Amino acid sequence: MAEAADIKGTGPSPARRWLRRTLTVAVGAPLLVGLLQAPVVTPSAVAAPSAITAEDATGSKTVDVSLDALTPGTPVEGDTVTLTGTVTNRGKGAVTDASVELRVGPRMTSRSEIEQVTGRTGYRSDSDPAPAQDAPTAKIPKLGAGLSAEFSLSVPVSDLGLDEAGVYQLGVSLSGQTPDHPYPRVLGIERTFLPYQPEATEKKTRISYLWPLISSAHVSAETATDDQQTPVFEDDALAAELLPGGRLDQMVALGKDLPVTWVIDPDLLATVDAMANGYRVKEGSLHVPGANKELAERWLGALEKAVQGHKVVALPFADPDLASLAHHGKDVPGSLGHLQSATALAGMTVETVLHVQPSTDFAWPVDGAVDPAIVSVATSAGADKVIARSDSVRDDLSYTPSAARPLGNGRTTAVVSDALLSTAFEGDMVRAEGSTLAVQEFLSQTLAITLEQPENQRSVVVAPQRMPTVAQAQTMATALRGLSGRRWSQPSDLVAAATAKPDPNASTSVPGSSRYPKKLRDQELPVQAFRDMKTTRDELNDFKVVLTLPERVVTPFGTAINREMSTSWRDRTRAATIYRGNVLDYLQELTKSIQLVDKSDLTLSGRSATIPVTVQNKLVQGVDHLVLRLTSNNKNRLKINGDRVAELPVKVGAGHNQSVKFDAAAAVNGQVPVTAQLYTEDGTPYGKPMSFTVKVSEITPTVMLVIAGGVLLLALAGVRMYTQRKRLAAQTSDAEANEAADADAEAAEAEAVEAEAVEAEAPGRAERAGEPEGAGADGPGAEPGEGGPGGPEQPSDPTPDTGPESGDPSATGEKVDR
């Protein structure tokens, strides 16, 4: 670094040196007299102290002087410098006879001197310059306690006494009286810097400014069940950053007109792209449609235009915390694999969304802090350039060297960003004062770098904070616009800076692990975080092999695991733990969608039977490559498919159940515990086992003999019943035949008697020959129904035939002999 560097050829002018000597004599003589003589304290001395004691540090913080604007920030000859601000009385009494004065200090001789002046607060008579003689002042007759007043001072550059190019200290002070000190003294002061370079330098410093587009993780591992797998967000907080005036909106709006190198986390692009294509958001136990689709489309369109013509660097997907991985994760198996997948995914994501080809060979540890472990991990996934920082890789030089240099074994290039420039805008930039002072210091430091070695051109890299606030981004943009004159600097990009010729005197050693900042180490992800990631990864590997469409699960969970390693989780330990837990819980919920349906205990009678086991699949895709293993805990009593253990393949369609049947053979009576367990084809258990009991009731020879005897008795009883029925039927038939013969004899006898009667009546009929035909017993005079065809049946009528035997089955409950 150039903390102790002198600016060559930039000493004070002879007139200024004469003025310094005169002031030194004037100030030193009374002090020398005071040392040689005993102090004499008089009432007049107490009432009217010397001018020197009036300007010491006592009381110099009574009034707060705020410098809100300084224009132009980099003046040239002929310009008028205007300073505006506010003075506020922080004391208990009123300030009277006050005036705001401009103080122009001597030319700064090194970058370290600028830094020292920045750290001062109260007025110091031994280092702060006197008020400029020709500069105007602002009079404030009275300033009550707690009150404020605005001021404005304008002075031509020619009246500032800027003899030559360089960085000058500029101060605004308020001098006045207070009730307890009724004499003029400095009650407050604010310091800043004025870079003055009216003509362009021959060799300009190349400045590569990184413009980071990084955010925190918002996408969960969950997706909708549609064909598009609509992503589900943990929250909709990213929309606030994309809104007009939001952080990410401002980063794009400001960066498009600035000479910067875009450093982008591909996860941010993937997240906003998902919003633009339709997304859902968790709201309790529900997933509601996201409402910021058009907002995301607008931002992506603006970003795509902004990066055209600029260099774009893609960090590994989700910006993994390299230091946490190096210090806590590398010893957990598989952790480095996540970094490799994140690096492979980076370029493809940026190219797909923004249609530009990014550089993917840069690694950026937090705050550019490195040690051997971090460098090793950072380059393990293919990156051969590490963005470090000069407060980590320190140069013991009197000037600022170029950023690039070989690191360690020479296979890695360290691009060392400048620490003072990179941290210039990390403070509170909301107040105008903070922004103004930061811009002036940044511009002054860049000029000081150029003037350290004006004959040598160097390349400097600025790597600001990863996620600047809106105010910080606006201040950064103001500072970069201040360099637009290109009088001592010119814009460059990170790729060019990395390939610039290294300074042979620059440090190439990697600092030891003991020099890694404790503050950063305390923010790292713990070892348990990487163990949780391993658990999720192992379960994902077991799950994907049984799926017919594994990419529907591997992609969202793979990116979710990458997000679990994000640098954005620093100082958000609880949020990181919740996110990891949600990812694992959801994966386990999916794996449980493939399970065995519980069975009740079975009773097995007989020598063999079939045991069905049902596999349930609640997923929206089919499962395959599973094996169902059924194990008998007592082979002597129960065998399954001829052995103690049997396996059958399982394939179940989406949303279906599949019954898998095993042949079981019993040998001995008793209860046999049986265990069913799903396995992947490589023998890895899948899910929980399911147990049930089979009660075996074996049929022995004795039992068979008893059953056979019973059957024989039943057969004999049936034969006996059949014989009895046949005998009874024969007896009934004989009786009916005898009755029929007797009836026939009686009928014949009746016919003979009737014939004899007819013959006896023949003479009488002849006598009655004149009677109408048909008269008599059977004639028309006979009563109906007493004879003839419709008359009552006579005993001599033949017996009616019986109907044929029915062929219908026997009635219910009827016993049938076979």
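Residues numbered from 1 in each chain as written. Predicted model: local features only at pLDDT ≥ 70, side-chain atom pairs only at ≥ 80, totals over all residues. Heavy atoms only, no water.

A. Representation of the overall build of the protein in the model. From N to C terminus, the protein includes 20 helices and 29 strands. Of the roughly 41,400 Å² that the protein leaves accessible, carbon and sulfur atoms contribute 53%. (Helix = DSSP H or I, 4+ residues; strand = E, 2+ residues; numbered from the N terminus. Areas by Shrake-Rupley, 256 points an atom, 1.4 Å probe, with all protein chains shown as cover.)

B. Representation of the layout of surface pockets within the structure. The computed volume of the second largest pocket comes to approximately 920 Å³. Along the walls of the second largest pocket sit 35 residues, with Phe317, Thr555, Pro556, Thr559 and Arg563 positioned nearest its centre. Of all elements in the fold, only β9 (219-223), α7 (266-276), α10 (335-354), α17 (527-544) and α18 (551-564) reach the threshold of two or more residues within the lining of the second largest pocket. Looking at the lining of the second largest pocket residue by residue, the classes come out as twelve nonpolar, 18 polar and five charged. (1 Å grid on protein atoms, 1.4 Å probe; cavity = no way out; pocket = protein on both sides within 12 Å on 5 of 7 lines; lining within 4 Å. Points joined across faces, edges and corners; volume = space filled by probe spheres on them. Nonpolar A, V, L, I, M, F, W, Y, C, P; charged D, E, K, R; others polar.)

C. Expanded view of the sheet that holds strand β2 (residues 80-89). Spatially, β1-β2-β5 is the arrangement adopted by the three strands of the open sheet, whose pairing is antiparallel. Single-partner strands in this sheet number two, and they are β1 (63-71) and β5 (148-156). Neighbour-to-neighbour, the strand axes of this sheet turn through a mean angle of 20°, independent of strand direction. Sheet analysis places β2 next to β5, joined by nine bridges and oriented antiparallel. Across the sheet, valine 87 pairs through a bridge with alanine 149, a residue of β5. (Pairing = 2+ DSSP bridges. Axes fitted to C-alpha atoms, helices over the stretch in contact; angles between N-to-C directions.)

D. Spotlight on the environment of alanine 424. Relative to the elements of secondary structure, alanine 424 occurs in the loop between α12 (419-422) and α13 (432-452). Ignoring sequence-local partners within four residues, the contact set of alanine 424 consists of Met429, Ala438 and Phe442. (Contact = heavy atoms within 4.5 Å.)

E. Broad picture of α7. Counting buried residues along α7, nine of its eleven residues qualify, which places the element largely inside the surrounding structure. A distance of 3.0 Å separates the backbone nitrogen of aspartate 267 from a side-chain oxygen at the start of α7, and that oxygen is part of aspartate 265. (Buried < 20%, exposed > 50% of the residue type's maximum accessible area, 1.4 Å probe, protein only. Polar contact = N/O pair within 3.5 Å; in protein donor to acceptor, adjacent residues only side chain to side chain.)

F. Quick look at the packing of α10 against α18. Where α10 meets α18, the closest approach of the two axes is 10 Å, and the angle between their N-to-C directions is 110°. The angle between the axes of α10 and α18 places the two elements in the roughly perpendicular class. α10 and α18 meet at a crossing whose hand is left-handed. For the pair α10 and α18, contact is made by His338, Ser341, Ala342 and Leu345 and by Thr559, Ile561 and Asn562, respectively. Taken together, the residues of the contact of α10 with α18 sort by class into three nonpolar, four polar and no charged. (Parallel < 35°, antiparallel > 145°, perpendicular 65-115°, else oblique. Left-handed = near helix turned anticlockwise from the far one by under 90°.)

G. Main features of the packing of aromatic side chains. Following the criterion strictly, the structure yields six aromatic pairs and no others. With a centroid separation of 6.4 Å and 50° between ring planes, the pair formed by tyrosine 209 and tryptophan 211 is classed as tilted. Residues phenylalanine 233 and tyrosine 279 carry aromatic rings whose centres are separated by 4.8 Å and whose planes lie at 45° to one another, so their mutual orientation is tilted. Residue phenylalanine 233 is found in strand β10 (residues 231-233), and its partner tyrosine 279 is found in the loop between α7 and β12 (280-283); the two are separated by 46 residues along the sequence. Here the aromatic residues Tyr209, Trp211, Phe425 and Phe442 are joined through ring pairs into a cluster of three or more. Over the face of the ring belonging to phenylalanine 362 we find lysine 385, whose NZ or CZ atom lies 5.6 Å from the ring centre. (Phe/Tyr/Trp six-rings, centres within 6.5 Å; stacked < 30°, edge-to-face > 60°. Lys NZ or Arg CZ within 6 Å of the ring centre and 35° of its normal.)

H. The arrangement of the sheet that holds strand β3 (residues 95-107) in detail. In space, the four strands of this open sheet follow the order β4-β3-β6-β7, with antiparallel pairing throughout. Looking at strand neighbours, the two that pair on one side only are β4 (138-143) and β7 (181-196), the edges of this open sheet. In this sheet, neighbouring strand axes are inclined to one another by 25° on average, regardless of whether the strands run parallel or antiparallel. Of the pairings in the sheet, the one linking strand β6 (residues 166-178) to β7 comprises twelve bridges and is antiparallel in character.

I. Structural context of α17. Taking 1.5 Å as the rise per residue, α17 with 18 residues should run 26 Å; its terminal C-alpha atoms sit 26 Å apart, in good agreement. All buried positions along α17 are accounted for by Ala529, Phe530, Met533, Thr536, Arg537, Leu540 and Phe543. Axial view of α17: buried residues confined to an arc of 140°, hence all on one face. For α17, the elements touching its buried residues are α9 (322-329), α10, α18, α19 (573-591), β21 (594-596) and β29 (685-697). (Expected span 1.5 Å × (residues − 1). Arc of directions from axis to C-beta.)

J. Layout of unusual backbone geometry. For the bond from threonine 71 to proline 72, the omega torsion is -15°, close enough to zero to count as cis. Mapped onto the secondary structure, proline 72 falls in the loop between β1 and β2. Positive phi, normally seen in glycine, also occurs at glutamine 229, with a value near 50°. When you line up the elements, glutamine 229 lands in the loop between β9 and β10. One non-glycine residue, histidine 625, lies in the positive phi region at around 60°. When you line up the elements, histidine 625 lands in strand β24 (residues 623-632).

K. Spatial organisation of the pattern of salt bridges. As enumerated under the stated definition, the model contains 26 salt bridges in all. Between glutamate 297 and lysine 293 there is a salt bridge, and its shortest N-O distance comes to 2.7 Å. One end of the pair, glutamate 297, and the other, lysine 293, are both in helix α8 (residues 293-306), four residues apart, so they sit about a helical turn from each other. You can call glutamate 297 partly exposed: its relative accessible area is 36%. Two residues, glutamate 433 and arginine 431, come together in a salt bridge whose shortest N-O distance is 3.1 Å. Here glutamate 433 falls in the buried class, since its relative accessible area comes to 7%. Linked by salt bridges that have partners in common, Glu222, Glu234 and Lys282 make up one network. (Salt bridge = Lys/Arg side-chain N within 4 Å of Asp/Glu carboxyl O.)

L. Seen up close, the environment of arginine 394. Along the chain, the position of arginine 394 falls in the loop between β16 (385-389) and β17 (404-407). When its relative accessible area of 56% is taken as the criterion, arginine 394 is described as exposed. Residues arginine 394 and alanine 419, 25 residues apart in the sequence, show an inter-C-alpha distance of 10.0 Å. In contact with arginine 394, not counting residues within four places along its chain, are Ser507 and Arg515. A polar atom in the side chain of arginine 394 sits 3.1 Å from the backbone oxygen of aspartate 391.

M. Up close: empty space enclosed by the protein. Within the structure shown, the criterion is met by four cavities of 30 Å³ or more. When its volume is computed, the largest cavity comes out at roughly 100 Å³. Taken together, 15 residues line the largest cavity, and the ones lying closest to its centre are Pro316, Leu322, Leu339, Phe362 and Ala363. Elements represented by at least two residues in the lining of the largest cavity include exactly α10 and β15 (362-363). Here the residues of the lining of the largest cavity sort into eleven nonpolar, two polar and two charged. In this structure, the second largest cavity occupies an estimated 70 Å³ of space. Looking at the second largest cavity, it is lined by 14 residues, and the ones nearest its centre are Thr400, Pro401, Val416, Ser417 and Asp418. Residue assignment for the lining of the second largest cavity shows that the elements contributing at least two residues are β18 (412-417) and β19 (459-462). Considering only residue class, the lining of the second largest cavity consists of six nonpolar, five polar and three charged.

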